[in-house]
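As a plain string of letters, each chain reads:
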Amino acid sequence: MVTIDDYGNYETAWCPGCGNFSILKAVKQALVASQVKPHEVLFVSGIGQAAKAPHYLNANVFNGLHGRSLPVATGAKLANQKLTVIVESGDGCNYGEGGNHFLAAIRRNIDVTLLVHNNQVYGLTKGQASPTSAEGFVTKAQPQGVPSAPFNPIEVAVAMRASFVARGFAGFIDELSELIQQGIAHRGFALIDVLQPCVSFNKVNTFAWYKERCEALPSTYDPTDWEAAMKVACKWGDKIPIGIIYRNARIPFEGHFPVLRKEPLVGRDVDQVMLKRIMEGYK
Amino acid sequence: MILNILIGGEAGQGLVTLGQILAKGLVRSGYSIVVTQGYQSRIRGGHNTFAIRVSTGEVIAPQESVDFLVALDKDTINLHRTDLSPKHLIVCDEGFGTDGDSFLKVPFKELAQERFSNIVALGVVASLLGLNEALMARTVDDFFGKKDERLAAENHRALAAATRWAGTRPTSGHKLAAVSDPPQRFMMNGNEAIALGAVSAGLRFHSFYPMTPSTSIGLTLAGHAKTMGLIVEQAEDEIAAINMAIGASFAGASSMVATSGGGFALMGEGVSLAAMTETPVVVVVAQRPAPATGLPTRTEQGDLEFVLHSGHGEFPRAIFAPGTIEECFHLTRSALELAERYQGPMFLLTDQFLADSYRAVMPFEVEKLSPASAGTELAGVKAYKRFAITESGISPRLLPGVTKQLVVADSDEHTEDGHITEDLSVRRQMVEKRLRKGEGIQAEVIPPDMEGETNADLLMVSWGSSKGSVKEAARVMNSQGEKIATLHFSQVWPLVPGQFMSHLESARHVVCVEGNAFGQLARLIRRETGFHIKKKILRYDGLPITPEYIFRELSH
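So, here is what we can say about the structure in this document. Per chain, the residues get numbers from 1 upward, laid out in the order the sequence is written. Lettering for chains starts from A, numbering for ligands starts from 1, and both go in the order in which the items are written. The predicted origin of the model limits local features to residues at a pLDDT of at least 70 and limits the giving and counting of side-chain atom pairs to 80 or more, whereas totals for whole chains, interfaces and linings rest on all residues. In computing side-chain properties, one takes all heavy atoms of the structure into account and sets aside hydrogens as well as water.

Observations concerning the overall build of chain B
In this description a helix means any DSSP run of H or I spanning at least four residues, a strand means any run of E spanning at least two, and both kinds are numbered starting from the N terminus. A count of helical and extended segments in chain B gives 18 helices and 21 strands. Put simply, the radius of gyration uses C-alpha atoms, and a globule should come to 2.2 Å times the residue count raised to 0.38. Taking 2.2 N^0.38 as the reference for a compact globule, 556 residues should give roughly 24 Å; the C-alpha atoms of chain B span a radius of gyration of 26 Å, in line with that estimate. Note on exposure labels: buried denotes an accessible area under 20% of the residue type's maximum, exposed denotes more than 50%, and partly exposed covers the range between, all computed with a 1.4 Å probe on protein chains only. Burial status across chain B gives 62% buried among its 556 residues. Note on contacts: a residue pair qualifies if any of its non-hydrogen atoms lie within 4.5 Å across the two residues. Relative to all contacts within chain B whose residues are 6 or more apart in sequence, the contacts with residues 24 or more apart total 73%. What sets the accessible areas is the Shrake-Rupley method with a 1.4 Å probe; for residues, cover comes only from the shown protein chains. Of the roughly 21300 Å² of accessible surface on chain B, 51% is carried by carbon and sulfur atoms. Counted as positive: Lys and Arg. Counted as negative: Asp and Glu. His and the chain ends are not counted at all. Where a charge sits is defined by one atom per residue type, namely NZ (Lys), CZ (Arg), CG (Asp) or CD (Glu). Looking at charge distribution, chain B has the averaged site of its 53 positive side-chain charges lying 2 Å from that of its 63 negative ones.

Structure below.
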């Protein structure tokens, strides 16, 4: 029986009131609800305040480079598909620096849960625009306001028919935890974009701002209807839909490799007989 | 007898197919070969060459002069006219119009349909070389597979017609002496040997982004992935390729990436990540002329300094530079083994010449690599520390998910248990721990290969793919009464001065032979030892170093 204590309780380097605290809590709740043991989980993260999250729980951790957590997670999952692999990093890491890997992960449908702490700003480097910052958002780096249009990850993921696309809000911890749990259970790539207030550098998209707009999808909503999902995915403004926006049952990436049918790659010996036979082909 | 056969033509004429089948026929008949493949990029597009230097004895280097020119198009004759040796023969279509004693004009259209003209050329050349027709027919079948019986029959017909026709011609003096009881050998190029060496050493994961001349490593591995139980993934870019390999390796799958200079430039941060997280990974850099896109299909040895200094920060590494196909196989194994034992990035530097150079090699012993130390439960350990400080710098390695211990790694500076830290005394300890692994790597360096007398008049220093050319040049000159020695580095980092300084100091003259414009090994030797090799033979026109090139440069 896995309990919340198994995942530990650590001091963090985050600002008091940061949305990361709630996300961390939701993650732990989801792991307990999924009954995954700490040694069965691998957290992969990049660089940023969100990317520090895996340091604050008991699990296997690979805290790699900025933007590159998805390729690391992909390699690790292929090496040992028994691991529950969760990527936890921010909007800059996944949608900016690692944009190409985000697209590739959706195409592959690798069985990895991507948890994006999306606060629409760069926190660790102290307040520059992120790929999801609103047009006109003023920062010290963009004193005349952000000149580019924001990236809508949900819209892109649904358009690419990612197999699990959800949006959560750090303020709704139980609902977020439920989404993470479903993302972990999903066989394939699961994107969970988590709206998260940044108390230090984003004075526009505050806790109150999100709370006023975030609205759970109705229970009648069918996330397998792609056309309906595209419409929901485009919604951003006075109302921001929360919940599982789209899902399908595409074969996960690992399912395409016959060599992974039975056992993971890790721990296998070289098949000397087969290798000799292959070598004979060069005669 | 040594012959250099050059097949030239346009892309799409089946020139490589013809070359590969002929080369295999020669190897199966017991001859030794060195293949050089290339594009003549000084001429308008689409002129390919496949040169086979063949000998009844040992042959270790390419040759520039052509004894046997197989011209699949007219341009080939014009382009290679100045390369022809005095004993040359030109095999070409009767319609090409040129005449003379040295032409053998083949009625291609009479002998077979146009789409079998490369088989006709093969039959004519094989016959002139004295190769056994049945052996050649079998080699053709092995190449195309026997599934399509009609195709096989057509091939046999074309081959037989060509052989019959060639038999009616006067002998050309290009017949090779038969090798009795030829040993069974492999025909393999550098990239294939790297791929197979890696598999034999336990490779489980290869990620790559296609880039000439490294791509066929990935293709060879992909071809054997299902049977050998490995994953080969074409990544979205080189950054993803190396990070995927690091992820797979962290989770316990022995990993390798392959690329060329430009792709390797993108991998730089990943190299540094592998060093910091102490994750084994082998990086193969198949060099081609640069900067930037350079000459994509040509050869160069211009990335030694780049690979040596790649990745920000300070960490130990080993760089191997195979000089033969056998070394491609064995040094790839060494690189994988060092990567696993010292837990970090290790490198293999080859180039287009060696990557594409088919040779005859004795079958490899596929004995097992000693099992990796990773993944076993450490007895009595309560809380595992992935980066435990040890005397050797090597920390016991566990794999995530394989035991109940938690494995934590960080690209930030970290504590022994892998968590992010800004404790500056820990920083100091961790730097020293990582660098201590370098002492172990240093103690295992493969000494350079010294051939000849230590007090030679001239010592030629070289590294990587030019090994055969440099040795042959020295042997030829020694047979003419000179006193020349060679010192070849198949591992170019770390350098251990004690292994070679006495050779450098006792030779009357020293010259460094390199396929680049800086003389990068010479600079490195000077930096590490203070010994200044002033004389250099450098080649940076995109072609491999040959014995003839060395003779020309020495005569200046």
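Description of the interface of chain B and chain A
Tallying the contact residues gives 69 residues for chain B and 49 residues for chain A. Carbon and sulfur atoms supply 67% of the area that chain B and chain A bury against each other, a total of about 4800 Å² over both sides. Definition used for salt bridges: Asp or Glu carboxyl oxygen within 4 Å of a side-chain nitrogen of Lys or Arg. Between the two partners, chain B and chain A, sit two salt bridges. Between Glu-233 of chain B and Arg-108 of chain A there is a salt bridge, and its shortest N-O distance comes to 2.7 Å. Side-chain atoms alone can form a polar contact between residues adjacent in sequence; in general such a contact is a pair of N or O atoms within 3.5 Å, and within protein one must be able to donate a hydrogen while the other accepts it. There are 18 residue pairs in polar contact (both at pLDDT 80 or more) connecting chain B and chain A. Simply put, the buried area is the total loss of 1.4 Å probe accessible area from both parts when two parts are fitted together.

So, the nonpolar core
Among soluble globular proteins, nonpolar side chains are generally buried collectively. Residues and elements named next belong to chain B. As used in this record, nonpolar core signifies buried Ala, Val, Leu, Ile, Met, Phe, Trp, Tyr and Cys residues forming a set joined through side-chain atoms within 4.5 Å. Grouped together as the largest cluster of nonpolar side chains are 101 residues, with contacts concentrated most on Val-461, Phe-489, Leu-504 and Ile-525. For this core, the element with the most residues is helix H9 (residues 238–250), which contributes eight residues. Look past the residues within four positions of Ile-525 in its chain and what remains in contact with it is Val-461, Phe-489, Leu-495, Phe-500, Leu-504, Gly-530, Phe-531 and Ile-533. Ranked by size, the runner-up nonpolar core spans 51 residues in total, among them Ile-7, Val-70, Leu-159 and Ala-161.

Overview of the pattern of salt bridges
Residue and element names in this part refer to chain B. Tallied over the full model, the rule gives 32 salt bridges over all chains. Linking Arg-475 and Glu-451 is a salt bridge whose minimum nitrogen-to-oxygen distance equals 2.9 Å. Residue Arg-475 is located in helix H15 (residues 467–479), and its partner Glu-451 is located in strand E16 (residues 449–451); the two are separated by 24 residues in the primary sequence. For Arg-475, a relative accessible area of 37% gives the class partly exposed. Among the residues examined, Glu-451 registers a relative accessible area of 23% and is labelled partly exposed. It is possible to trace a salt-bridge network through shared partners that takes in Glu-58, Glu-327, Asp-449, Glu-451, Lys-467, Lys-471 and Arg-475.

Some thoughts on the pairing of strand E5 (residues 164–169) of chain A
Regular strands have side chains that alternate between both faces of the sheet. Residue and element names in this part refer to chain A. Counting buried residues in E5 gives six out of six residues, a clear majority hidden from the surface. Residues Phe-164, Ala-166 and Gly-168 line one face of E5 and the alternating positions Val-165, Arg-167 and Phe-169 line the opposite face, and both faces are buried. A pair of strands counts as paired when DSSP detects no fewer than two bridges linking them. Taken together, the six bridges between E5 and strand E6 (residues 190–195) define a ladder with parallel strand orientation. Opposite Arg-167, over in E6, you have Asp-193 as the bridge partner. With its strands directed away from the observer, a crossover is right-handed exactly when the path from the first strand over the helix to the second travels clockwise. The handedness of the E5 to E6 crossover, carried by helix H6 (residues 173–185), is right-handed. Bridging between E5 and strand E8 (residues 240–247) involves four bridges; their strand directions are antiparallel. Note on E8: the bridge partner recorded for Ala-166 is Ile-244.

A few points about helix H7 (residues 190–200) of chain B
All names here are of chain B. Of all eleven residues making up H7, eleven are buried, and the element is well covered by its neighbours. Looking only at H7, the buried set comprises Gly-190, Asn-191, Glu-192, Ala-193, Ile-194, Ala-195, Leu-196, Gly-197, Ala-198, Val-199 and Ser-200. In this structure Asn-189 caps H7, since a side-chain oxygen of it lies 3.2 Å from the backbone nitrogen of Asn-191. Backbone geometry just downstream of H7 places Gly-202 in the positive-phi region, at approximately 100°.

Considerations on the sheet that holds strand E3 (residues 84–90) of chain A
Spatial ordering of the open sheet is given by E7(A)-E8(A)-E5(A)-E6(A)-E4(A)-E3(A)-E1(A)-E2(A)-E15(B), a layout of nine strands whose pairing is mixed. A single partner strand is all that each edge strand has here, and the edge strands are strand E7 (214–216) of chain A together with strand E15 (408–410) of chain B. Looking at each pair of strands side by side, their axes are set apart by 20° on average, direction ignored. Working convention: axes come from line fits to C-alpha atoms, limited for helices to the stretch in contact. Angles between N-to-C directions cover 0 to 180 degrees. Taken strand by strand, H6 of chain A contacts E3, strand E4 (113–118), E5, E6 and E8 of chain A, and its axis lies near 160° from that of E5 of chain A.

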